[in-house]
Amino acid sequence: MITLEYGGMTHYITLSERDIRGRNSSLQSVPTALNIFYSDSNPNKQLWYYFIPYVGNPFTGYHLVYYRLMLTAGINFLNIDSYYSNLISPYANVDEIITERSENQNSNRSNNSSFVSKTQDRIQLYAKTYGANKYESTVFGVALSKIADRPIDVFAVSEQDLQTLPQSSLNTFEQLGNITVYNTSLRLNRLIADADDARRLRSAAYNYNLLDRIGMKRCALCSCEIPEIIHGAHVWGVADIRSCEIIDDSQKYAHAISGHNGLWLCHNHHKLFDSNILAFDLDGRCLIKQSMPHSHESFIRESINVHRLGTSIISDDFKYYLTQRNQVINLNGYQAI
Ligand SMILES: [Zn+2]
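Residues numbered from 1 in each chain as written. Predicted model: local features only at pLDDT ≥ 70, side-chain atom pairs only at ≥ 80, totals over all residues. Heavy atoms only, no water.

**Student:** What exactly am I supposed to notice about the coordination of the zinc ion here?
**Tutor:** Perfect tetrahedral coordination of a metal by four donors corresponds to 109.5 degrees between them, and perfect octahedral coordination by six donors corresponds to 90 or 180 degrees. Within the first shell, the zinc ion binds the protein through Cys219 (SG), Cys222 (SG), Cys266 (SG) and His269 (ND1), at distances of 2.1 to 2.3 Å. Each donor residue of the zinc ion lies on the same chain, and together they follow the pattern C-x2-C-x43-C-x2-H. With Cys219 in the loop between α6 (195-214) and β11 (230-234) and His269 in helix α9 (residues 267-274), this pair connects stretches of sequence that are 50 residues apart. For the residue pair Cys219 and His269, the accessibility class agrees, reading buried in each case. (Donors = N, O, S within 2.8 Å, 3.2 Å for Na, K, Ca; no water. Helix = DSSP H or I, 4+ residues; strand = E, 2+ residues; numbered from the N terminus. Buried < 20%, exposed > 50% of the residue type's maximum accessible area, 1.4 Å probe, protein only.)

Structure (structure tokens):
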């Protein structure tokens, strides 16, 4: 990185790589530059990115998403016009990031290093802590912080025994003021002593595992994609898991956060499922309880445009959880939607 004192400002200039191969190779210096920039308490400063002559392609779909994040995070390009003729603009809001990120991830399932989601009152960044991903998380966090309309929770997703983000990234997040970092062990089924934390972390781990397994929030029955009204719906319910006497606490936690033990449902369909007005058979067919008032039944039928769950949802483990659930309801009293 180059530091330039000019015009009463400190300019931090990070450079592209000469040989661009992997998706991260041309960008690996960016998160570090961001952290150095934020560690400087002088307010008169600017952060830049400069392309040096390269071999390879620094304008893949992945790179373009990353450049938009960089612009959103306040990193400006000094000479991108010399190499790329289309306009690249910063993200205007968090929904744009969620949508574009999920399109990028759906076309390349291995590219799932971090997830962004949101609820009614919070934004969630699920940030992996392993390898290059841990630095990418910094760019995501800063970009989200600049455009967030509500507080951000960053959940560090542990892998390979790493359970925290780098200290330099934690310092940057602290300075931004609207980010809370939860260093947790989402994949290790760890029981948390504090009850509030347990609830928050259980729900964070569950949502992360659902995102990882079945992709972005989209109601499995009506295809609604508004994240604020879409929930992870347990198939084997948490209360039933808790009262199961033949498994221990760590197994209960593992079932409660399993990405196979659920699907995304919008608020209405979640309530109808939890009330056992709607159910699923083991082939994934959506069923509706018989003996409903006709007007209710037709309202529900009209609200559903997917009559059978996709194969991406119905795994063997999902069927196991569905069997647990259906044990206590009599499917004879239901009919297909
Ligand atoms: Zn729905």
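So, next bit.
**Student:** Help me out: how do you make sense of the side chain of Ser315 in this one?
**Tutor:** By the secondary structure assignment, Ser315 is in the loop between α10 (294-303) and α11 (316-326). A distance of 2.7 Å separates the side chain of Ser315 from the side chain of His260, its partner in a polar contact. Of note is the side chain of Ser315, whose polar atom sits 3.0 Å from the backbone nitrogen of Phe318. Beyond its immediate sequence surroundings of up to four residues, Ser315 is in contact with Arg213 and His260. (Polar contact = N/O pair within 3.5 Å; in protein donor to acceptor, adjacent residues only side chain to side chain. Contact = heavy atoms within 4.5 Å.)

**Student:** Could you clarify how one ought to interpret the environment of Lys289 in this entry?
**Tutor:** Looking at the secondary structure, you find Lys289 in strand β14 (residues 286-289). On the accessibility criterion, Lys289 (34% relative accessible area) is partly exposed. Spatially, the C-alpha atom of Lys289 lies 5.2 Å from that of Ile277, the residues being 12 residues apart in sequence. Sequence-distant contacts of Lys289, that is, excluding residues within four places in its chain, are made with Asn276, Ile277, Gly333 and Tyr334.

**Student:** Is there a simple way to think about the sheet that holds strand β13 (residues 278-280) in this case?
**Tutor:** Hydrogen bonds between backbone groups are what pair the strands of a sheet, and the pairing can be parallel or antiparallel. Strand order in the open sheet formed by 3 strands is β13-β14-β15, with antiparallel pairing between adjacent strands. Because the sheet does not close on itself, it has two edges, and the strands there are β13 and β15 (334-336). On average, each strand axis in the sheet is inclined to that of its neighbour by 40 degrees, with strand direction left out of account. Where β13 and β14 come together, 3 bridges link them in antiparallel fashion. Bridging from a neighbouring strand, Phe280 pairs with Cys286 of β14. (Pairing = 2+ DSSP bridges. Axes fitted to C-alpha atoms, helices over the stretch in contact; angles between N-to-C directions.)

**Student:** Quick question: what am I supposed to make of the sheet that holds strand β7 (residues 114-118) here?
**Tutor:** The strand order β7-β8-β9-β10 describes an open sheet built from 4 strands, whose pairing is mixed. The open sheet is flanked by β7 and β10 (179-183), the only strands paired with a single partner. Within the sheet, the average angular offset between the axes of one strand and its neighbour, ignoring direction, is 20 degrees. Bridge count between strand β8 (residues 123-128) and strand β9 (residues 152-157): 6 bridges; the pairing is parallel. Residue pairing across strands places Tyr126 opposite Phe155, the latter belonging to β9. Sheet contacts for helix α4 (residues 133-147): β7, β8, β9 and β10; angle to β8, the most-contacted strand, approximately 165 degrees.

**Student:** Got a minute to help me understand unusual backbone geometry in this structure?
**Tutor:** Apart from glycine, the bulk of residues carry a negative phi angle, and the bulk of peptide bonds sit in the trans form. Positive phi values are uncommon outside glycine, yet Asn276 reaches one of about 60 degrees. A positive phi is found at Ser291, a non-glycine position, where the angle reads about 65 degrees. Tracing the sequence through the fold places Ser291 in the loop between β14 and α10. The exposure class assigned to Ser291 is exposed, which follows from its relative accessible area of 76%.

**Student:** What's the story with the pattern of salt bridges in this structure? I'm lost.
**Tutor:** Any two side chains of opposite charge can pair, so long as their charged atoms come close to each other. Enumeration over the complete set of coordinates arrives at 11 salt bridges. Here Asp95 makes a salt bridge to Lys118, at a shortest N to O gap of 3.0 Å. Here the residue Asp95 occupies a position in helix α3 (residues 94-107), and Lys118 occupies one in strand β7, the gap between them amounting to 23 residues. By relative accessible area, Lys118 is classed as buried at 3%. One salt bridge in this structure joins Asp283 and Arg285, with 3.1 Å as the shortest N-O distance. Ionic contacts of the salt-bridge type, sharing partners, join the residues Asp95, Lys118, Asp149, Arg150 and Glu228 into one network. (Salt bridge = Lys/Arg side-chain N within 4 Å of Asp/Glu carboxyl O.)

**Student:** Before we go on, may I ask you to explain a nonpolar patch on the surface in this structure?
**Tutor:** Together, Ile2, Leu4 and Tyr6 give the surface a local cluster of nonpolar side chains, amounting to about 320 Å² of exposed area. Checked against the element boundaries, Leu4 lands in strand β1 (residues 2-6). When its relative accessible area of 40% is taken as the criterion, Leu4 is described as partly exposed. (Patch = residues over 30% accessible without salt bridge, like charges linked within 9 Å, V, L, I, M, F, W, Y side chains within 5 Å. Areas by Shrake-Rupley, 256 points an atom, 1.4 Å probe, with all protein chains shown as cover.)

**Student:** I would appreciate a short explanation of the nonpolar core in the present structure.
**Tutor:** Burial of nonpolar side chains together is a common tendency in soluble globular proteins. In terms of nonpolar packing, the biggest core is built from 46 residues, with Tyr67, Met70 and Val116 touching the most fellow members. Element by element, the count of residues in this core is highest for helix α2 (residues 61-72), at 7 residues. With sequence-adjacent residues up to four places away left out, Val116 is seen in contact with Val94, Ile97, Ile98, Ile123, Gln124, Leu125, Phe140 and Leu144. Within the second largest apolar cluster, 45 residues are counted, among which are Ile247, Leu263, Trp264 and Phe280. (Core = buried A, V, L, I, M, F, W, Y, C linked by side-chain atoms within 4.5 Å.)

Purely geometric stuff here, so don't read any function into it on its own.
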